[in-house]
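# What the coordinates show
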Amino acid sequence: EGWDLEHDTVQGAQSLLSTIKRVLIEEPLLWRQGLLLGGFWFLYPLGFYVYVLWLPSLVKAKGFGEDTKYLSVLLAGLAQLPGTLMASRLISHPSLGRKKLVLACTVGCSIAMAAFAIASTLTGLLVAIILLNFATAAAWSVLYTITPESFPTVIRATAFGVCTFIARLGGI
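Thresholds applied
Residues numbered from 1 in each chain as written. Predicted model: local features only at pLDDT ≥ 70, side-chain atom pairs only at ≥ 80, totals over all residues. Heavy atoms only, no water. Helix = DSSP H or I, 4+ residues; strand = E, 2+ residues; numbered from the N terminus. Buried < 20%, exposed > 50% of the residue type's maximum accessible area, 1.4 Å probe, protein only. Contact = heavy atoms within 4.5 Å. Areas by Shrake-Rupley, 256 points an atom, 1.4 Å probe, with all protein chains shown as cover. Core = buried A, V, L, I, M, F, W, Y, C linked by side-chain atoms within 4.5 Å. Salt bridge = Lys/Arg side-chain N within 4 Å of Asp/Glu carboxyl O. Patch = residues over 30% accessible without salt bridge, like charges linked within 9 Å, V, L, I, M, F, W, Y side chains within 5 Å. Phe/Tyr/Trp six-rings, centres within 6.5 Å; stacked < 30°, edge-to-face > 60°. pLDDT = per-residue confidence, 0-100.

Take the overall build of the protein next. If you tally the helices and strands in the protein, you get six helices and zero strands. Seen in sequence order, the protein has helices and strands lined up from the N terminus as α-α-α-α-α-α. Of all 172 residues assigned to the protein, the portion counted as buried reaches 32%. Partitioning the contacts of the protein with sequence separation of at least 6, the portion at a separation of at least 24 is 76%. Carbon and sulfur atoms make up 70% of the accessible area of the protein, which totals about 10,600 Å².

Set out below in structure tokens:
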């Protein structure tokens, strides 16, 4: 006759927790996938937000002027759109695949970060900044796609929520 919100909510939560527990115990491979994805979700924002927040100071510390500082932030933002578009185009490519693409983007981020660290000319610095933001945006796009696909439907939303929570911790 009536809907018992408290009872139904508790029962639903208990059902979800028992399903998660059953799936994780029966599927130890999910632990490995979850830890690997959690690592990506933690490290990407850790590196990205440190870089983005400190970019103007890093550019200035390399001896470049105020105008370069703001130009670098502008170019960094503009480079993200093509990175996202490239990832959306390549994400379903039959010979590449999502895992290879996320690996390529991660390697691209690493190379661009190293190039940024050793850049001594304005051109080298700006190219490194553009490449880093391009690769980072592409990596995020792939990660947002590959994460839910890595888990069974019964825990997909919960696993994705946990990964985004881990990303928030990395961003702190």
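From this point, things continue past the structure.
Turning our eyes to something else, we now look at the nonpolar core. Ranked by size, the top nonpolar core spans 20 residues in total, and within it Leu37, Trp41, Tyr44, Trp140, Val142, Leu143 and Phe151 carry the most contacts. Those elements giving two or more residues to this core turn out to be α2 (28-61), α4 (97-118), α5 (122-149) and α6 (153-171). By residue number, the principal contributor to this core is α5, which donates six residues. What Trp140 contacts, discounting residues up to four positions off in sequence, is Trp41, Tyr44, Pro45 and Ala167. Cys109, Phe116, Ala119 and Ile129 belong to the second largest nonpolar core, which has 15 residues in total.

Summed over the entire model, instances satisfying the criterion amount to two salt bridges. Its salt-bridge partner being Glu66, residue Lys60 comes within 3.7 Å of it at the nearest N-O pair. Under the relative-accessibility criterion, Lys60 is labelled partly exposed at 48%. By relative accessible area, which is 38% here, Glu66 ends up partly exposed. When the shortest N-O distance is used, the salt bridge between Arg98 and Glu149 registers 2.7 Å.

Let's shift gears to the side chain of Thr136. As for its position among the elements, Thr136 is in helix α5. Classification of Thr136 by relative accessible area gives buried; the value is 7%. In this view, Thr136 contacts Phe48 and Cys109; residues no more than four positions away in its chain are not counted.

To continue, consider a nonpolar patch on the surface. Together, Phe42, Leu43, Leu46, Tyr49, Val50, Leu53, Trp54, Leu58, Phe165, Leu169 and Ile172 make up a nonpolar patch on the protein surface, roughly 1,200 Å² of accessible area in all. Broken down by secondary-structure element, the contributors of at least two residues to the nonpolar patch are α2 and α6. No other element matches α2, which puts eight residues into the nonpolar patch. Mapped onto the secondary structure, Leu169 falls in helix α6.

This part takes up the packing of aromatic side chains. Tallied over the entire structure, the rule returns seven aromatic pairs. Summarising the aromatic geometry, the rings of Phe40 and Tyr44 are spaced 5.7 Å apart at their centres and angled 50° between planes, so their arrangement reads as tilted. Taken as a pair, Phe40 and Tyr44 lie in helix α2 at a separation of four residues, close to a single helical turn. By relative accessible area, which is 22% here, Phe40 ends up partly exposed. Residues Trp140 and Tyr144 carry aromatic rings whose centres are separated by 5.9 Å and whose planes lie at 45° to one another, so their mutual orientation is tilted. Here the residue Trp140 and the residue Tyr144 both occupy positions in helix α5, the gap between them amounting to four residues, near one helical turn. Following the ring pairs from residue to residue traces out a cluster consisting of Phe40, Trp41, Tyr44, Trp140, Tyr144 and Phe160.

Here we come to the confidence of the model for the protein. Here the protein shows a mean pLDDT of 83. Residues at 70 or above account for 89%. When pLDDT is averaged over each helix and strand of the protein, the minimum, 68, is found for helix α1 (residues 5-26) and the maximum, 91, for α5.

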